[in-house]
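Residues per chain are reported as follows:
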Amino acid sequence: MSTYRLKNLLSPRSVALVGASPRRVSVGRAVLDNVNNAGFKGQFGLVNPRYPEIGGVPAVSGLDQLPFVPELVVITAPAQEVPDIIDQAGRRGSAGALIVTAGLGHGPGSLQEAALSAARKYGMRLIGPNCLGIMMPGVSLNASFAAHMPGAGSLALISQSGAIAAGMVDWAAQRGVGFSGIVSIGDQLDVDIADLLDYFALDSKTRAILLYVEAIKDARKFMSAARAAARVKPVVVVKSGRMAQGAKAAATHTGALAGSDAVYDAAFRRAGVLRVSDLRELFDCAETLGRVESPTGKRLAILTNGGGIGVLAVDRLVELGGIPAPMTAETRQKLDAVLPPTWSGANPVDIIGDADAARYAAALEVLLADPGNDAVLVLNVQTAIASAAEIATTVTGLLKKYREQHRSWAKPVLAAWVGADQEIIETLSSAGIPNYPTEDDAVRGFMHLVRHREVVVELAQVPPAMPDSFVPDVELARRIVAAAIADGRKWLEPIEIKRLLEAYDIAMVPTYAATDIEQAVSCAREIFAQGATVVLKIMSRDIVHKSDVGGVVLNLTTPEAVRAAAADILARARKLRPEARISGIIVQAMVVKAKARELILGLADDPTFGTVVVFGRGGTAVEIINDKALALPPLDLQLAHDLIDRTRVSRLLRAYRDVPAVKQDAVALVLVKLAQMAADIPEIREFDINPLLADEAGVTAVDARVAVGPPQRKFAGTGPANFAVRAYPSQWERHLQVKEGWRVFARPMRPEDEPSIHEFLKHVTVHDLRLRFFAPMKEFTHEFIARLTQLDYARAMAFIAFDEQTGEMVGVVRIHSDSIYETGEYAILLRSDLKGRGLGWALMQLIIEYARSEGLKAISGDVLQENTVMLDMCRQLGFQVNPDPVEPDICNVRLKL
């Protein structure tokens, strides 16, 4: 698993520091002082062969001289010594190392490579190098050179920048926000963002995860971990480099639209990660997520002593997609009874500038009891009439009583005291009330909570591997692309593109290829016979954008006009692009649809996230208009509609004035088909349809470009190697027959299986649960089961088995690969009353078959010594069974594939 041994690194019982220095200004001395000042409660040792003690702490000459085995080794020694230190730590039995040292280099032959090789020899995990360190308040460990140690809390921070991590600590100290852990990951030699997302997603002390990202190394692994984590708790990211121009050299309009940061944005959206634009907004997210739970809806009630600031809050709320809570007659009557007649009578509840603490409390009590809102925002603008500090004290006292009365779930309350001094901030913060400097920040904080709630619902949906509404001619499409590649071409010819689109049931205007002027005239006569006019376009694999050379002539009505236009097009192209290879003329029917919308749809290839689907407003000015949205495939209709809805042009697809609405689902279905095409034919590098004409009758492609090339495997495992998100693997559905003719249906697990699992667990004995989980399991929470069921089929797979006759769940087997996709750890659980009927054997064979197909090199697992039935089956399946070197009650089982 990617969390393998991370607990030893992030919650160690023993730590050794190698490389501390007596120099006060050195990194090693700063780390030593921080470890001492934090009061680490475990065993701590210092290793330095040059000094017998540093800062009053005795030192030994080597790791082998310590009287204990350090779980975590912190390294601040010179770079050239790091590989040897890791080797010593591995021989000693350490679980991992935190490499603070920089300067290990990159690539083959580097010190980084030597350090990683040494670590893998002993199964060690590495954090860093070139990092600030880690701060884990729960175990009082500050193995970093940060200036401060954060207090304990419920936020985890994973940062690619040590400076950002240190800045978050300083901010948190001022606001009273605590952390469950802060990890600066540096160069991510081994432990990366995805590994830490997995760890903190499972950490019961972590309520939300904050990320500072500069670049993602393994997109499929990141998407897998981020999607899994976001299902159970908020994940917020700020990414630098938003203005980078990643598409300058793109050959197609689609490629130009799919800039680097836009793709990251699409990836974060698909993963369910909440993206913020800067550190201030990240701080606001931390303020919100670290103190309150997400509301059940997005209706916000606003209580204020200033009408203007209340209206500004409503403006921002509506702009961000929230809802000003409507006020019922009953709530209005209750407020009338406690407020002066001059109050606003609506939301925002303006209780007038002379409002004192008592008036705030009376109004707040009514709003907290009102079922018509999901959260309350309390605003205060300081006046000379009433004490802002006294109002804050009264509000916090009221909320304390309210929370005590609603322990299971309390309505979120947020606050903004404009111009508040530190005393007021501390009053609100100490009471666990998220508070902000302005109404804008507060509303954004509320909407982050709302967005997380929506994300959980969205992530529970599984994109199908193939839409049921069409069956493409995949083999024909593959032959078209393969022939072009074999011919050494990078672009498909127009007729090939038309055939490719036809294979996926995407309509295109009648299109012909003419090698000379007279053949163009002959093709035009066929179009004239159908009652249409003609469009001519230059045909050249070197001229991608035809209009740039005057290579398009529209609305030709006679053979003579076609002859003259063809001659002009060829002459212009040869003059403006003398080096271009010109194959002839494309002849198309002129499609005149006065009320059709011009759209662009396509595929782009991103170096990090693989294939990306692009949608937006089409036409020749597509880059200038820049109305586009991106999504990672695979897509279903719902995801396609979400992609469309994120553009301005989506509003034009609806009916307006005398223009009827575009045919329902027509555009979305083309997007789904393009995503499926990308899965079926990874040789397609870029694809754009521009324009696609859409109206009430349907859609028609007018022009398209397709770039092709040998497939580039970006991601490990099966499934489309160019997709960062894997589709539901329907090919792994199986009908199994076990002992006595018992028939069982096994398939990959889906999110909607959660109720079946709860029912299944009622038929598993306490003894069998202990054998599976190695500890007594008193209850299975929704969060726990959701974590099991909501897979993305990348690093983790689970097969769930049902009795074909009764439909009841009877067993489950799962596998989770390690961080380098070499070994998978398995687990299996059957209904206790159905054991001994061959189901366990069948499911184990299925998971072994799956692991082989994924290219894993081995399957491993931990089995209790007393679980003799499982151990016997492992031996029969060819597993090696050995006692665990640390835990005497456990056997390690391993099968080489």
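Bear in mind the structure is a predicted one, so any value in this text is a computation, not a measurement.

A.B. asks: In this structure, what is going on with the confidence of the model for the chain? I would like to understand it.
C.D. replies: Where the model shows low pLDDT, its predicted coordinates should not be examined in detail. Taken over all residues, the pLDDT of the chain has a mean of 89, while the share at 70 or more is 96%. Within the model, pLDDT remains below 50 along residues 245–253, and this stretch shows 22 contacts once partners closer than five positions in the same chain are excluded.

A.B. asks: Looking at this model, I keep getting lost on the pairing of strand 34 (residues 809–817). Mind explaining?
C.D. replies: Successive residues of a regular strand alternate their side chains across the two faces of the sheet. Taking burial as the measure, the 9 residues of strand 34 include 9 buried ones, the bulk of the element. The hairpin turn running from strand 33 (residues 796–803) into strand 34, its antiparallel successor, is 5 residues long, and Gly807 in that turn takes a positive phi close to 80 degrees. Direction of pairing for strand 34 relative to strand 35 (residues 823–830): antiparallel, over a ladder of 7 bridges. For Val812, the partnering residue across the bridge sits in strand 35 and is Leu829.

A.B. asks: It is not clear to me how empty space enclosed by the protein should be interpreted in this structure. Could you clarify?
C.D. replies: The gaps left among the atoms become clear once a water-sized probe is rolled over them. Taken as a whole and judged by the stated rule, the model has 7 cavities of 30 Å³ or more. Considering the residues around the largest cavity, the lining is formed by 20 residues, among which Leu492, Pro494, Ile497, Ser540 and Lys546 are closest to the centre. Contributions of two or more residues to the lining of the largest cavity are made by helix 18 (494–503), strand 22 (534–540), strand 24 (582–589) and strand 30 (704–708). A breakdown of the residues in the lining of the largest cavity according to their chemical character gives 12 nonpolar, 3 polar and 5 charged. Estimated volume of the second largest cavity: approximately 150 Å³.

A.B. asks: In this structure, what is going on with the environment of Arg750? I would like to understand it.
C.D. replies: Structurally, Arg750 is set in the loop between strand 32 (743–748) and helix 24 (754–761). Along the sequence, Arg750 and Leu17 sit 733 residues apart, while their C-alpha atoms lie 45 Å from each other. At 3.2 Å, the side chain of Arg750 forms a polar contact with the side chain of Tyr728.

A.B. asks: Where do I start with the sheet that holds strand 23 (residues 552–556) in this structure?
C.D. replies: Each strand in a sheet pairs with its neighbour through backbone hydrogen bonds, running either in the same direction (parallel) or in the opposite one (antiparallel). A sheet is described by the order of its strands in space; here 4 strands give the open sequence 21-24-22-23, paired in antiparallel fashion. Every other strand in the sheet has two partners, leaving strand 21 (511–514) and strand 23 as the edge strands with one partner each. For this sheet, the mean inter-axis angle between neighbouring strands, taken without regard to orientation, is 25 degrees. Two strands pair when backbone bridges link them, and strand 22 and strand 23 are joined in this way by 3 bridges, in the antiparallel orientation. Among the inter-strand pairings, Val534 is bridged to a residue of strand 23, identified as Leu556. Seen against the sheet, helix 19 (residues 517–529) touches strand 21, strand 22, strand 23 and strand 24 and runs at an angle of roughly 10 degrees to strand 24.

A.B. asks: Would you mind showing me how to read the pairing of strand 28 (residues 684–695) here?
C.D. replies: Where burial is concerned, most of strand 28 is hidden: 11 out of the 12 residues are buried. With 6 bridges joining them, strand 25 (residues 597–606) and strand 28 adopt antiparallel strand pairing. Among the inter-strand pairings, Glu598 is bridged to a residue of strand 28, identified as Leu693. Summarising the sheet, strand 28 and strand 30 pair through 5 bridges and their orientation is antiparallel. Paired with Phe687 across the two strands is Val706, which belongs to strand 30. Strand direction decides the pairing type here: strand 28 and strand 29 (residues 698–701), joined by 4 bridges, are antiparallel. Of the residues in strand 29, the one forming a bridge with Ala694 is Val699.

A.B. asks: Help me understand the packing of aromatic side chains, please; the structure alone is not making it clear to me.
C.D. replies: Both the distance between ring centres and the angle between the ring planes are used here to describe each pair of aromatic rings. Applying the stated criterion to the full structure yields 11 aromatic pairs. Pairing Phe222 with Phe268 gives two aromatic rings, centres 6.1 Å apart and planes at 70 degrees, and the pair type is edge-to-face. Placement of Phe222 in helix 7 (residues 219–232) and of Phe268 in helix 9 (residues 260–271) is noted, with a sequence separation of 46 residues between them. Phe268 matches Phe222 in its accessibility class, with the two residues each being buried. Between Tyr264 and Phe609 the ring centres are 5.0 Å apart and the planes differ by 90 degrees, which places this aromatic pair in the edge-to-face class. With Tyr264 in helix 9 and Phe609 in the loop between strand 25 and strand 26 (610–617), this pair connects stretches of sequence that are 345 residues apart. In terms of burial, Tyr264 and Phe609 fall into one category: buried. An aromatic cluster of three or more residues is present, and its members are Phe222, Tyr264, Phe268 and Phe609. The residue whose ring lies beneath Lys239 is Tyr264, and the NZ or CZ to ring-centre distance is 4.4 Å.

Reading guide: rules and limits
- Residues numbered from 1 in each chain as written.
- Predicted model: local features only at pLDDT ≥ 70, side-chain atom pairs only at ≥ 80, totals over all residues.
- Heavy atoms only, no water.
- pLDDT = per-residue confidence, 0-100.
- Contact = heavy atoms within 4.5 Å.
- Buried < 20%, exposed > 50% of the residue type's maximum accessible area, 1.4 Å probe, protein only.
- Helix = DSSP H or I, 4+ residues; strand = E, 2+ residues; numbered from the N terminus.
- Pairing = 2+ DSSP bridges.
- 1 Å grid on protein atoms, 1.4 Å probe; cavity = no way out; pocket = protein on both sides within 12 Å on 5 of 7 lines; lining within 4 Å.
- Points joined across faces, edges and corners; volume = space filled by probe spheres on them.
- Nonpolar A, V, L, I, M, F, W, Y, C, P; charged D, E, K, R; others polar.
- Polar contact = N/O pair within 3.5 Å; in protein donor to acceptor, adjacent residues only side chain to side chain.
- Axes fitted to C-alpha atoms, helices over the stretch in contact; angles between N-to-C directions.
- Phe/Tyr/Trp six-rings, centres within 6.5 Å; stacked < 30°, edge-to-face > 60°.
- Lys NZ or Arg CZ within 6 Å of the ring centre and 35° of its normal.

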